[in-house]
Amino acid sequence: MKGDCVKHSTGNNPEMHNQNAKQRQLGEYRVNNYGKPLTTNQSLKVSGDENSLKAGVRGPTLLEDFHLREKITHFDHERIPERVVHARGYAAHGEFVLHKCMKKYTTAKFLHEVGKVTPLFTRFSTVVGSRGSTETARDVRGFAVKFYTEEGNYDLVGNNIPVFFIQDAIKFPDLIHAAKPEPQNEFPQAATAHDTFWDFVANNQESAHMIMWTMSDRAIPVNFRKMQGFGVHTFRFVNSEGKAHFVKFHWKPRLGIHSLVWDEAQKIGGKDPDFHRRDLYESIEAKNYPKYDLGVQIIREEDEFMFDFDILDATKIWPEEIVPVEIIGTMTLNRNVDNVFAETEQVAFHPGNVVPGIDFTNDPLLQGRLFSYLDTQLLRLGGPNFAEIPINRPVCPFHNNQRDGFSRQRIDVGQVSYHKNSLADNTPSPTPVDKGGYEHYQEKVEGHVIRAGSPSFDDHFSQARLFWNSMAPYEKQHIIDAFSFEVGKVQSQSVRQQVVDMFCHVDSGLSAAIANAVGVKPPECTPADTTASSPALSMENTVFVPETLKVAILIGEGFDSAVIRNAVQSLRNESVTIDIVSEKLGTIKGTAGKTAIANQTFITASPVLYDSILVGGGASNNSAEFDSNMKNYIEETWKHYKPIAFTTEGSRYIAETSVQEGPGIIVEKKVDDFYCAYINALAKQRFWERNIYK
Ligand code: HDE
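Numbers given to residues run from 1 along each chain, matching the order in which its sequence is written. Per-residue local features of the predicted model are confined to residues with pLDDT of at least 70, and side-chain atom pairs are confined, for both listing and counting, to 80 or more; whole-chain, interface and lining totals are unaffected and use all residues. Think of the side-chain values as coming from all heavy atoms in the structure, minus any hydrogens and water.

Notes on the coordination of the iron atom of the ligand
In this structure the iron atom of the ligand is ligated by exactly one protein donor, Tyr-373 (OH), at 1.9 Å. Structurally, Tyr-373 can be placed in helix α10 (residues 364-380). Only N, O and S atoms count as donors, using a 2.8 Å cut-off from the metal and 3.2 Å for Na, K and Ca, and because water is excluded some sites may appear unfinished. Strands are runs of DSSP state E lasting at least 2 residues, helices are runs of H or I lasting at least 4, and numbering of each runs from the N terminus.

The following block contains the structure:
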């Protein structure tokens, strides 16, 4: 790359938004093969691509067929190693707009000018499953953002859960070995419901807090657009006077935090293993751009020891009620990738990619990560030149004396590739700190060389209990159910007992319920002594809006066209996405000579893929099958606590199913404004008060 930084667009010019700096840079690498002649990689036009070169039409293939050899050789090498963790992921381009000047805290320029737009690339992922695994597995989600700032790339490589399983990076290989499929039989895929994982948990009890989160609904997000993100570690902001503050980062989705229920998550795993990527892709294509506010929690250096937890411990949160989250900007994801391999697969995140004014702390988990990411990219991306891959290139050129290596693309000109020199006027040369050169924070450190953890990291249960105390009753029940499922899959009775004994330190009722479900002795212990709670941790206190929810309208021949037309209009007015589901694709005849086009059938779709259904009625030649399909959709939606609307015609199914009229069941003939009542119910999304076992 030559010349200066690719210029960033400004917040005031909407046209520039779509033409952001990174997009323009990537544009230089985009190749469209449409309408072009087929050539070899040497640009030789080929005359045939269906037969290899042979000695006679029935004869042997010839070695001189360079086209065949090049094509097959390239194919043979198409795969690269998948990420050792976070293999299954999906990404999108977007931008970050700053709302609040952070100059007081940090010299990072992308955090100075209100309205400034910084291009970015965000990849979401599951942790445990391999690249082809189902996306709705119970798991932590990666939430990694690469900001292409004018001072270089800044990567905020976070998760959707604010704490981690372990406190020291040296345990990471152990954690992942225990969580991945077991080596002797390589199952289960994308699941922690097996012996080695729970053996690790019970024998590494710092995992308690994180396990409470992974057993909660946070680990089965409904989609990427409705999950929070966290930087997890404590970082530092450093200002122009060299003064530092501790900082934690939060992403807060504008649509609120919402999850699947476990039964639904498992079924979606079969019906649509691509459920999350499809949602993100389709939302962006429909211009329903996901938005997340960036928040920071800030603690003054002099207050480091004011808390009853160690702020460097990655198994601890800073409760928002004690350290408020200040919103400073918004991320909008507004463009799908052109090519998943080139961008999503080849993107290389690294928590060590920072800009001046953002620095690390001594969190031993973070310190280990600073080594791991660069190291893993060397293998995954085949050598040291991965920063030259288009998606990884900063928008400003880089200059140094690094040379050569596999797949080097740039052509460094000139004689000099060392520092210091006189032949190139001692360039490229370091930039003084006051001119923007990166300076590490000058923290004073002293101590004995020691392989030990800090005693201030020893309390593993208080915040696990804080989380439990903060849950609504239905959230607590989901946690008990998740433990019962996961630990119930463990073959070793000893491990099941150890888990029950461990979680007694969080809550005796919780562990007694698990003990009962998994057939081991009730626990005996005293739980952590805290009655504290943090309302911000409960998903009950999130945002509830109908926008972008997905509704299936179920109809058959002869449906009431006026009612359905009004329903479609009212839902579209609220930006709700609609599928018309019937027994066949295409035209379905309604009353008054009107028609509707079914874009899904009862078998191509499934009730678990929707946020709600509207039962519109109508009929079919095969009425037994039609009724059975309708009833199946109703039962499943009812069982997953989702709102159901019945037109007058559709309400005949109520008596034939488990549905009890009550919250979230909207019947046309029983409400004055059917559509308005339905939209209000949609916004609420789940009706936990529903007793599905009646
Ligand atoms: Fe990662 N992690 N990690 N991790 N991590 C990787 O890097 C690692 C941790 C996270 O979409 C790997 O390029 C160690 C915490 C995300 O490409 C690897 C430790 C958090 C992603 C690695 C951790 C994360 C990764 C695998 C313990 C949340 C996916 C492939 C100290 C704050 C990024 C790769 C993407 C990926 C190492 C713990 C988030 C092996 C050693 C804590 C979102 O380098």
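Looking at helix α4 (residues 172-179)
Partly exposed describes any residue whose relative accessible area lies between the buried limit of under 20% and the exposed limit of over 50%, with all areas from a 1.4 Å probe on protein chains only and scaled to the type maximum. Buried within α4 are the following residues: Leu-175, Ile-176, Ala-178 and Ala-179. In an axial view of α4, the angular spread of the buried residues amounts to 160°, which keeps them on one side of the axis. For this analysis, residues touch if any pair of their heavy atoms sits within 4.5 Å. Against the buried residues of α4 lie α5 (195-203). Starting at the helix axis, one direction is taken to each C-beta atom, and the arc is that of these directions.

Observations concerning helix α7 (residues 262-271)
When α7 is considered as a whole, its buried residues turn out to be Trp-262, Glu-264, Ala-265, Ile-268 and Gly-269. Down the axis of α7, the buried set is contained in an arc of 155°. They therefore lie on one face. In α7, the exposed positions angled more than 90 degrees off the buried face are occupied by Gly-270 and Lys-271. If you follow the buried residues of α7, they end up packed against α8 (275-285) and α12 (473-488).

Structural notes on the site of the ligand
Being near a molecule or strand, for a residue, means having at least one of its heavy atoms within 4 Å of it. Near the ligand there are 23 residues, and of these Arg-83, Arg-123, Arg-369, Ser-372 and Tyr-373 occur at the shortest range. Within the side chain of Arg-123, one N or O atom sits 2.6 Å away from an oxygen atom of the ligand. For the ligand, an oxygen atom lies 3.1 Å from a polar atom in the side chain of Gln-377. Of all the secondary structure elements, the ones that give two or more residues to the shell around the ligand are β3 (141-149), β4 (152-159) and α10. At six residues, the largest contribution of residues to the shell around the ligand is made by α10. Here a polar contact means two N or O atoms within 3.5 Å. Within protein one must be a hydrogen donor candidate and the other an acceptor candidate, and residues neighboring in sequence count only if both atoms are side-chain atoms.

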